[in-house]
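As a plain string of letters, each chain reads:
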Amino acid sequence: MKKHSILVVGGAGYIGSHMVKDLLHAGYDVITLDNLSTGHRELLPGGQFIEGSLNDTALLDSIFSEHRISAVMHFAAYSLVGESVENPLKYYQNNVAGTINLTDSMIRHKVKRFIFSSSAAVYGEPEEVPITENHPLNPTNPYGATKRLVEQVLKDCDSAYDFRYISLRYFNAAGADESGKIGERHEPESHLIPLVLKTATGERDNISIFGTNYPTPDGTCIRDYIHVSDLTRAHLLAFDALLEGSPSDVYNLGNSKGYSVREVIELARKVTGREIPVIESGKRPGDPAILVARSDKIRKALGWAPRYEDLETIIRTAWNWHR
Ligand code: UDP
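Residues numbered from 1 in each chain as written. Predicted model: local features only at pLDDT ≥ 70, side-chain atom pairs only at ≥ 80, totals over all residues. Heavy atoms only, no water.

### Thoughts on the overall build of the chain
When you go through the chain residue by residue, the secondary structure sums to 10 helices and 14 strands. By the compact-globule yardstick of 20 Å for 323 residues, the chain fits well, its C-alpha radius of gyration being 19 Å. On the principal axes, the C-alpha backbone points of the chain span a range of 55 × 40 × 40 Å. Each of the 323 residues in the chain was classed as buried or not, and the buried ones make up 54%. Of the charged side chains in the chain, 35 are positive and 41 negative, and the gap between their average positions amounts to 3 Å. (Helix = DSSP H or I, 4+ residues; strand = E, 2+ residues; numbered from the N terminus. Rg over C-alpha atoms; globule rule 2.2 N^0.38 Å. Buried < 20%, exposed > 50% of the residue type's maximum accessible area, 1.4 Å probe, protein only. Lys, Arg positive; Asp, Glu negative; His and termini not counted. Charge placed at Lys NZ, Arg CZ, Asp CG, Glu CD.)

Structure representation (structure tokens):
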């Protein structure tokens, strides 16, 4: 039987590179399309690499004409909330217009399975936690708005064309592949766990805690951290489901357990055995106090279960990479 070919858009990024590794390991042919705007060529574990952008519709058409693609997994989005507030058009252009180009080319070439990296940012300030997929979608920043818009585009494409998608709403992706060869690397870095670990290595002098008077037990924000390899496994299950003819759907992806910023720092001290100096600073605009997922839906429908439920283990894998 011929191997399925999967197009991974954004395969040179943090989550995308883990996806490529797991797809190759599972025996798929992988083609990565990445413009290297935030990705790194050296993170790519293998497969075929095409450097290019979603603005290049001729390139998209040539990829779908030349390869028999079974599914597209789409990780290529800008994802910094603050930047999206300052420069929304950059986000709408890449995350929305780029994805429309991609799905348009897919539909014209009869490639009908799409797995989309969505985000908990589609919910905005939660009315209820843990958050279920039925929670209203009220994104509080342009980044979250781009993810909600794409979900709407996908829903309408499903109704109009022979097109099926699974949208995975990630909570806080963290950790690194067990090999220690690939991991999280953003420039500039803005995410909590990598910044805390850079403080542990001495690359940074301290870590700022953004806000200490939130309505949470220790006053700092609570997030649901999910290991990157648990995210990628959900994508493999989503592909299987689409192959078997499952209808389009949307799923949360989190561990259903929240940790405060202070708890993250404390666990990082334990894992690294290093001092991690802290500075208490003001709130970061747009940060909800608590974001924790209910992930029962994907557990039931796709049989997904996290392998890294414990944040200490997640931080250990990230530390292994940072060192
Ligand atoms: N955070 C912090 N200091 C930092 C970076 C992040 O206190 O230097 C907090 C941030 O306010 C949020 C949590 O850590 O409550 C996780 O932030 P991150 O940027 O990692 O992910 P997000 O939740 O924004 O997707």
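### Examining unusual backbone geometry
With the exception of glycine, most residues fall at negative phi, and the peptide bonds are largely trans. The peptide bond linking Val 129 to Pro 130 adopts the cis configuration, its omega dihedral lying at -5 degrees. Among the secondary structure elements, Pro 130 is positioned in the loop between β5 (113–119) and α5 (142–160). Here the residue pair Glu 187 and Pro 188 is connected by a cis peptide bond, since its omega of 0 degrees sits within 30 degrees of zero. As for its placement among the helices and strands, Pro 188 is situated in the loop between β7 (172–174) and α6 (192–201). Within the chain, Leu 36 stands out as a residue other than glycine whose phi angle is a positive 60 degrees.

### Some details on the packing of α6 against helix α8 (residues 261–272)
The axes of two packed helices give the description: the angle between them and the distance between them. Axis separation between α6 and α8 bottoms out at 10 Å; the angle between their running directions is 40 degrees. Considering the angle they form, α6 stands oblique to α8. Classified by chirality, the crossing of α8 by α6 is right-handed. Touching Leu 192, Ile 193, Val 196, Leu 197 and Ala 200 of α6 are Val 261, Val 264, Ile 265, Ala 268 and Thr 272, all from α8. Each residue belonging to the contact of α6 with α8 can be placed in one class, and the counts come to 9 nonpolar, 1 polar and no charged. (Axes fitted to C-alpha atoms, helices over the stretch in contact; angles between N-to-C directions. Parallel < 35°, antiparallel > 145°, perpendicular 65-115°, else oblique. Left-handed = near helix turned anticlockwise from the far one by under 90°. Contact = heavy atoms within 4.5 Å. Nonpolar A, V, L, I, M, F, W, Y, C, P; charged D, E, K, R; others polar.)

### Concerning the site of the ligand
Lining the immediate environment of the ligand, one finds 15 residues, of which Leu 192, Ser 208, Arg 223, Arg 284 and Asp 287 sit closest. Arg 284 places a side-chain nitrogen or oxygen 2.7 Å from an oxygen atom of the ligand. Here the ligand loses 88% of its free accessible area of 510 Å² to cover by the protein chains. Listed by contribution, the elements that provide at least two residues to the shell around the ligand are α6 and β8 (207–210). Here the shell around the ligand gets 4 residues from one element, more than from any other, and that element is β8. Residue classes in the shell around the ligand are distributed as 8 nonpolar, 4 polar and 3 charged. (Near = heavy atom within 4 Å. Polar contact = N/O pair within 3.5 Å; in protein donor to acceptor, adjacent residues only side chain to side chain. Areas by Shrake-Rupley, 256 points an atom, 1.4 Å probe, with all protein chains shown as cover.)

### Describing the packing of aromatic side chains
In this structure the tally under the stated criterion is 5 aromatic pairs. Taking the centre distance of 6.0 Å and the plane angle of 35 degrees together, the rings of Phe 114 and Phe 163 count as tilted. In this pair, Phe 114 is assigned in strand β5 and Phe 163 in the loop between α5 and β6 (164–170), connecting sequence segments 49 residues apart. Overall, Phe 114 belongs to the buried group, its relative accessible area being 0%. With relative accessibility at 0%, the residue Phe 163 sits in the buried group. (Phe/Tyr/Trp six-rings, centres within 6.5 Å; stacked < 30°, edge-to-face > 60°.)

### Looking at the sheet that holds strand β3 (residues 48–51)
Taken in spatial order, the 7 strands line up as β3-β2-β1-β4-β5-β6-β11 in an open sheet, and their pairing is parallel. Looking at strand neighbours, the two that pair on one side only are β3 and β11 (249–253), the edges of this open sheet. For this sheet, the mean inter-axis angle between neighbouring strands, taken without regard to orientation, is 20 degrees. Note that strand β2 (residues 29–34) and β3 share 4 bridges and pair parallel. Looking at the pairing, Asp 34 lines up with Glu 51 of β3. (Pairing = 2+ DSSP bridges.)

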